Amino acid sequence: MTTEGPRRIHAGRKALVVGIANEHSIAYGCAAAFRELGADVAITYLNEKARAYVDPLARSLECPIYLPLDVSTPGQLEAVFERIAKDWGRLDILVHSIAWAPKDDLQGGLLNCSAEGFAKAMDISCHSFVRMAKLAVPLMKDGGTMFAMSYLGANRVVTNYNVMGPVKAALEAACRYLAYELGPKKIRVHPISPGPLKTRAASGLKDFDLMLNEAMQKAPVGELVDIMDVGFACAYLASPYARRITGDTVYVDGGVNIMA
Ligand SMILES: NC(=O)c1ccc[n+]([C@@H]2O[C@H](COP(=O)([O-])OP(=O)(O)OC[C@H]3O[C@@H](n4cnc5c(N)ncnc54)[C@H](O)[C@@H]3O)[C@@H](O)[C@H]2O)c1
């Protein structure tokens, strides 16, 4: 899978990618792109049930670090970073590609979202990125790049996106504030906003197929995006070619976001 020569822009770099559920996950596209461009990649799996789907991907990515991570289980996130500190002593790239909300709170409209559901969605889908960033900073000794997956529903009303709209808005704002706080350490932070992709998380949204159809019709490039499009966009942003770019939401959506 790897290639020789100048394309291996991330050779020797260390990346942590969280959020792989299966081969359709956006996180898998990110991990595969960084691996193809030479990085060593650490990945995580949610729990034993999820592990069966992630094991073969960890093998194909030749992951030297592969650990369980449920961000709502105390201590697991710390354990991942302790292992990275012990084995690598550094980290260059962090990809946060996780989101979750209780189904009733997700599908019932924002007005009906419970306080508990809202808080849980915000904790898992947004604040966990802040916690990860905090643990990553001491390891990003020569600077680094952090990514969090957002969606157009953060700043426009997308039918059926519901509570995830405010949650992604908070995530994008968190990225901007972290970009400001970490800029002096040469750490850059990006919200990435992919177009709709048929993944397990997406299947929790009502009428997701309608979103896919609409994106296909609206996209100036006339096609849907795939997970490698997202991965290679992150790989570019983590490269020295993008060293003065930070904080902005980068859309990987075939141009859907520019359309009325
Ligand atoms: N699929 C899309 O259309 C789309 C579009 C834009 C943004 N996104 C975002 O991309 C990210 C990845 O989603 P995906 O579409 O690849 O779906 P996915 O189901 O493949 O990935 C979601 C991941 O979140 C993880 N997760 C959920 N709760 C967790 C917890 N408590 N601890 C740790 N991990 C947890 C799951 O294990 C899974 O790996 C999400 O932030 C999602 O909102 C998705």
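Just so you know, these numbers come straight off a predicted model, no measurement behind them. (Residues numbered from 1 in each chain as written. Predicted model: local features only at pLDDT ≥ 70, side-chain atom pairs only at ≥ 80, totals over all residues. Heavy atoms only, no water.)

Draft legend 1. Examining the site of the ligand more closely. Residues in close proximity to the ligand total 27 residues, the closest being Gly 19, Ser 25, Ser 150, Leu 197 and Thr 199. One of the backbone nitrogen or oxygen atoms of Ile 26 is found 2.9 Å away from an oxygen atom of the ligand. In the environment of the ligand, an oxygen atom lies 2.5 Å from a nitrogen or oxygen atom belonging to the side chain of Thr 199. Here the ligand has 820 Å² of accessible area as a free molecule, and 93% of this is covered by the chains. Residue composition of the shell around the ligand, grouped by class: 18 nonpolar, 6 polar and 3 charged. (Near = heavy atom within 4 Å. Polar contact = N/O pair within 3.5 Å; in protein donor to acceptor, adjacent residues only side chain to side chain. Areas by Shrake-Rupley, 256 points an atom, 1.4 Å probe, with all protein chains shown as cover. Nonpolar A, V, L, I, M, F, W, Y, C, P; charged D, E, K, R; others polar.)

Draft legend 2. Representation of the packing of aromatic side chains. Inspection of every chain in the model, using the stated rule, returns 3 aromatic pairs. With 4.9 Å between their ring centres and 55° between their planes, Tyr 45 and Tyr 66 make a pair best called tilted. Linking Tyr 45 in strand E2 (residues 40–45) with Tyr 66 in strand E3 (residues 65–68), this pair joins segments that are 21 residues apart in sequence. Looking at Tyr 66, the relative accessible area reads 19%, which means it is buried. (Phe/Tyr/Trp six-rings, centres within 6.5 Å; stacked < 30°, edge-to-face > 60°. Helix = DSSP H or I, 4+ residues; strand = E, 2+ residues; numbered from the N terminus. Buried < 20%, exposed > 50% of the residue type's maximum accessible area, 1.4 Å probe, protein only.)

Draft legend 3. Up close: the sheet that holds strand E6 (residues 187–194). The sheet built from 7 strands is open, its strands ordered E3-E2-E1-E4-E5-E6-E7 with parallel pairing. Since the sheet does not close on itself, it has two edges, and those belong to E3 and strand E7 (250–252), each with one partner. Between one strand axis and the next, the sheet turns by 20° as a mean value, whatever way the strands run. Looking at chain direction, E2 and E3 are connected through 4 bridges and run parallel. Bridge assignment links Ile 43 to a residue of E3, and that residue is Tyr 66. This element, helix H1 (residues 26–36), spans strand E1 (14–18), E2, strand E4 (93–96), strand E5 (144–149) and E6 of the sheet and lies at about 160° to E2. Along the sheet, helix H2 (residues 48–60) makes contact with E2 and E3, crossing E2 at roughly 160°. (Pairing = 2+ DSSP bridges. Axes fitted to C-alpha atoms, helices over the stretch in contact; angles between N-to-C directions. Contact = heavy atoms within 4.5 Å.)

Draft legend 4. Molecular detail of the pairing of E2. Among the 6 residues of E2, 5 are classified as buried, and the element is accordingly described as predominantly covered. One ladder, built from 4 bridges, connects E1 with E2; its direction is parallel. Following the sheet pairing, Ala 15 is matched in E2 by Val 41. Of the crossover connections in this fold, the one passing from E1 over H1 to the parallel E2 is right-handed. (Right-handed = clockwise from strand over helix to strand, strands pointing away.)

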